[in-house]
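Results of the structural survey
As a plain string of letters, each chain reads:
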2 protein chains.
Amino acid sequence: MAYIIDGKKLAAEIKQEVAQEVQGLMGKGIEPHLAVIIVGSDPASQVYVRNKHKACQEVGVRSSIIELSENTTQSVLLARIEELNTDKAVHGILVQSPLPKGLDEQEAFQSISPLKDVDCFHPENVGLLTQGRPRFLPCTPAGVVEILVRTGIEIPGKYIVIVGRSNIVGRPLANMLTQKSDRGNATVTICHTRTRGLSYYTKQADIVIAAAGSPGTIIGEMLNNNCVVVDVGVNRVEDPAAKSGFRLVGDVDFESAELVASHITPVPGGVGPMTIAMLLRNCVKAATSPVSPPWQGGD
Amino acid sequence: MAYIIDGKKLAAEIKQEVAQEVQGLMGKGIEPHLAVIIVGSDPASQVYVRNKHKACQEVGVRSSIIELSENTTQSVLLARIEELNTDKAVHGILVQSPLPKGLDEQEAFQSISPLKDVDCFHPENVGLLTQGRPRFLPCTPAGVVEILVRTGIEIPGKYIVIVGRSNIVGRPLANMLTQKSDRGNATVTICHTRTRGLSYYTKQADIVIAAAGSPGTIIGEMLNNNCVVVDVGVNRVEDPAAKSGFRLVGDVDFESAELVASHITPVPGGVGPMTIAMLLRNCVKAATSPVSPPWQGGD
């Protein structure tokens, strides 16, 4: 039976570290400050924003929530972002996705100052990450890497199969894990919906990262014995027994996978809490004027 | 015996297409114009710059070569780039690599306006490419894709192993070939110097792209029968029989590989000519005010 990785516990560790860093900054008169813009009243988005707010409070990061009405125009949204861009007391800016129909999310993300782009969605930051000199690490991919590192799972030299090529998870992860770095140097295969014979690839992997956004994408018999499974999926499935009428499951069939894997992350309680912890870290980084590390890609 | 792909011939086809586009633009009063900055007197760089200049002339793209002395300061270099950025008659700007020691190449590349960055080295353009909405395609990776397409080799669904993770070739290629697109949708593995058992991966591939920068990286017995081999390497090896004392070889041992592969590109005469053809295409694109295509990444 696989060791079940406790993402909540790891996230709590990181939050403690961040809280200490925040204290240090406070001593220098810097109060890290995250501004989150939410447009409209999507219930799931409201939960996400509330969770981020709570996490900020836990570690001493100031958090402002800017609520804009459902019928906000693009130009009003952009003007609001620009205000935050020029506000020296604000270090990090998030625009909660999805935006109501009619609003251009891509343009909104791109109008956030790259120096305050704690989600790492701005093309310039995506480019710097791709080139191996990140200004910020995208939260969910960074959370995945942190889980591996803190669980003592070596990355260099390993064969990692990533299932999913989204711009938020799969693709940046592939670009991170193949960099010349202690947290990279893996051989990585990117699989996706057009991959022929997915299990052919997953069967060979030392580490499988499921980020496909579809329950049951990975089942036990698709895995190599003693592999490590990181499940990034968060899917709602109907469950009449649950009070809410649904429950959250990952992309991995946990029951069959835990019989084969050496380590596995659960959903919920795996990657999710790590994502928020990484966001807090980015806020601290943004507050200490982000620069690019000198290391780069290569051979 | 493998079919030997004639990169020169394919490049000539593309040049003809570009020449026609240039004629069309001329009719509208637009003369595509590439400015190339070369600092110092590195002989190889001078050959590259001359070749680009010649290629521009062949298709009717105006080409200006700005020669700066070996002891140019960074601030003078940046000022020269800024002049070209604001010069409306200039559409594309290249800074020939490598720059003399003491100059910051990365800063120079980043100071080129992203709208004139025909090499696609600017982080913003790298980010847009990574996100699947490229403004420009980087020349060598685009040349590799074009070789496959024009040779009638399907990319979607194929298993492609890329050997090399450089920011100029391997990494952008991986990001391109995995996009949701007719020229993507491949399952891609990125291998590099820290990959354990390279042949394990190359043996499985439908298409092997060698971009490691080292002769003999790939030999015949590392290949799957009837695979396609694209050799991006350009390496000088000593050759007393040659007038210059050296000859150019790729990363692939051609003699043994051509016995196993179904298709193979030679060095020279494979990817090299395609790179310049793609640069010309980018110059035309830059002259017609580059915009981002609407397609994006995804599942």
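The structure presented is a predicted model; accordingly, all values stated were derived computationally and were not measured. (Residues numbered from 1 in each chain as written. Chains lettered and ligands numbered in written order. Predicted model: local features only at pLDDT ≥ 70, side-chain atom pairs only at ≥ 80, totals over all residues.)

**Observations regarding the sheet that holds strand β5 (residues 159–163) of chain A**
What counts is decided by this rule: For two strands to be treated as a pair, DSSP must find at least two bridges joining them. Comment: elements are numbered from the N terminus, with helices defined as DSSP H or I runs of at least four residues and strands as E runs of at least two.
Taking strand neighbours across the sheet as the criterion, the twelve strands line up as β1(A)-β11(A)-β8(A)-β7(A)-β5(A)-β6(A)-β6(B)-β5(B)-β7(B)-β8(B)-β11(B)-β1(B) in an open arrangement whose pairing is mixed. Across the chains shown, the open sheet's two edge strands, defined by having one partner strand only, are β1 (3–4) of chain A together with β1 (3–4) of chain B. Summarising the sheet, strand β8 (residues 228–231) of chain B and strand β11 (residues 263–264) of chain B pair through two bridges and their orientation is parallel. Bridge assignment links V228(B) to a residue of β11(B), and that residue is H263(B).

**So, the nonpolar core**
Quick reminder of the rule: Structurally, a nonpolar core is described as a collection of buried Ala, Val, Leu, Ile, Met, Phe, Trp, Tyr and Cys residues joined by way of C-beta atoms within 7 Å. The burial criterion counts other C-beta atoms lying within 10 Å of a residue's C-beta, which is placed from the backbone; the residue is buried at 20 or more, exposed at 12 or fewer, and partly exposed between these limits. By the convention adopted here, residues make contact when the C-beta atoms placed from their backbones lie within 7 Å.
Membership of the largest hydrophobic core comes to 177 residues, with the highest contact counts inside it found for I209(A) and I209(B). The residues touching I209(B), leaving out its near neighbours within four places in the chain, are V144(B), I160(B), I162(B), V163(B), L173(B), V230(B) and V232(B).

**A short note on the relation of the copies chain B and chain A**
This is how it is decided: Only residues with pLDDT of at least 70 in both copies contribute their C-alpha atoms to the least-squares superposition of the copies.
By a simple turn and slide, chain B fits onto chain A: the slide is 0.0 Å along the axis, the RMSD is 0.0 Å, and the turn is 180°. Taken together, the turn and the small shift mark the pair as related by a two-fold rotation axis. When the interface residues of chain B are mapped onto chain A, 100% of them again fall at the interface, so both copies present the same face.

**Observations regarding the domain arrangement of chain A**
Definition in use: For the purposes of this description, domain bounds are those given by an automatic or database domain assignment.
Domain parsing of chain A yields domain 1 (28–128) and domain 2 (139–274). For domain 1 of chain A and domain 2 of chain A, the distance between their C-alpha centroids amounts to 27 Å.

**Let's talk about the sheet that holds strand β3 (residues 62–68) of chain B**
All names here are of chain B. The criterion, for reference: Fitted lines through C-alpha atoms serve as axes, helices being fitted only where they are in contact, and the angles separating the N-to-C directions of these axes extend from 0 to 180 degrees.
Spatial strand order, β3-β2-β4: three strands in an open sheet with parallel pairing. The sheet is open, and its two edges are formed by β3 and β4 (92–95), each paired on a single side. Neighbour-to-neighbour, the strand axes of the sheet open up by a mean angle of 15°, direction not taken into account.

**Points about the interface of chain B and chain A**
The condition that has to hold: All amino acids are sorted into three groups, where Ala, Val, Leu, Ile, Met, Phe, Trp, Tyr, Cys and Pro are nonpolar, Asp, Glu, Lys and Arg are charged, and the leftover types, Gly among them, are polar.
At the interface, 34 residues of chain B touch 34 residues of chain A. Taken together, the elements giving at least two residues each to the side of chain B that touches chain A come down to α5 (123–130), α7 (170–177) and β6 (187–191) of chain B. A per-element tally of the side of chain B that touches chain A places α5(B) first, with seven residues. Taken together, the residues of the side of chain B that touches chain A sort by class into nine nonpolar, 19 polar and six charged. Bridge analysis of strand β6 (residues 187–191) of chain A against β6(B) gives three bridges, and the strand direction is antiparallel. Within β6(B), the residue paired with T189(A) across the bridge is T189(B).

**Considerations on the pairing of strand β4 (residues 92–95) of chain A**
All names here are of chain A. Here β4 shows no split at all, with G92 and L94 on one side and I93 and V95 on the other all buried. In this structure, strand β2 (residues 33–39) lies alongside β4, joined through four bridges in parallel fashion. Looking across to β4, one finds that L34 is bridged to G92.

**A few points about helix α2 (residues 43–59) of chain B**
Residue and element names in this part refer to chain B. Keep this limit in mind: To estimate how far a helix should extend, the number of its residues minus one is multiplied by 1.5 Å. Each C-beta atom gives one direction from the helix axis, and the arc is the one those directions make.
For α2, which comprises 17 residues, the first-to-last C-alpha distance of 25 Å matches the rise-based estimate of 24 Å (1.5 Å per residue) to within 8%. Among all positions in α2, only V49, K52, A55, C56 and V59 are buried. Buried positions in α2, seen along its axis, are confined to an arc of 125° and lie on one side of it. Pointing more than 90 degrees away from the buried face of α2 are the exposed residues P43, V47, K54 and Q57. Summarising the contacts, the buried residues of α2 are in contact with α1 (7–27), β2 (33–39), β3 and α10 (271–287). The first or second residue beyond α2 is G60, which carries a positive phi of 90°.

**What about the environment of Q23(A)?**
Take Q23(A): it is sitting in helix α1 (residues 7–27). For the pair Q23(A) and V61(A), spaced 38 residues apart in sequence, the C-alpha to C-alpha distance is 9.6 Å.

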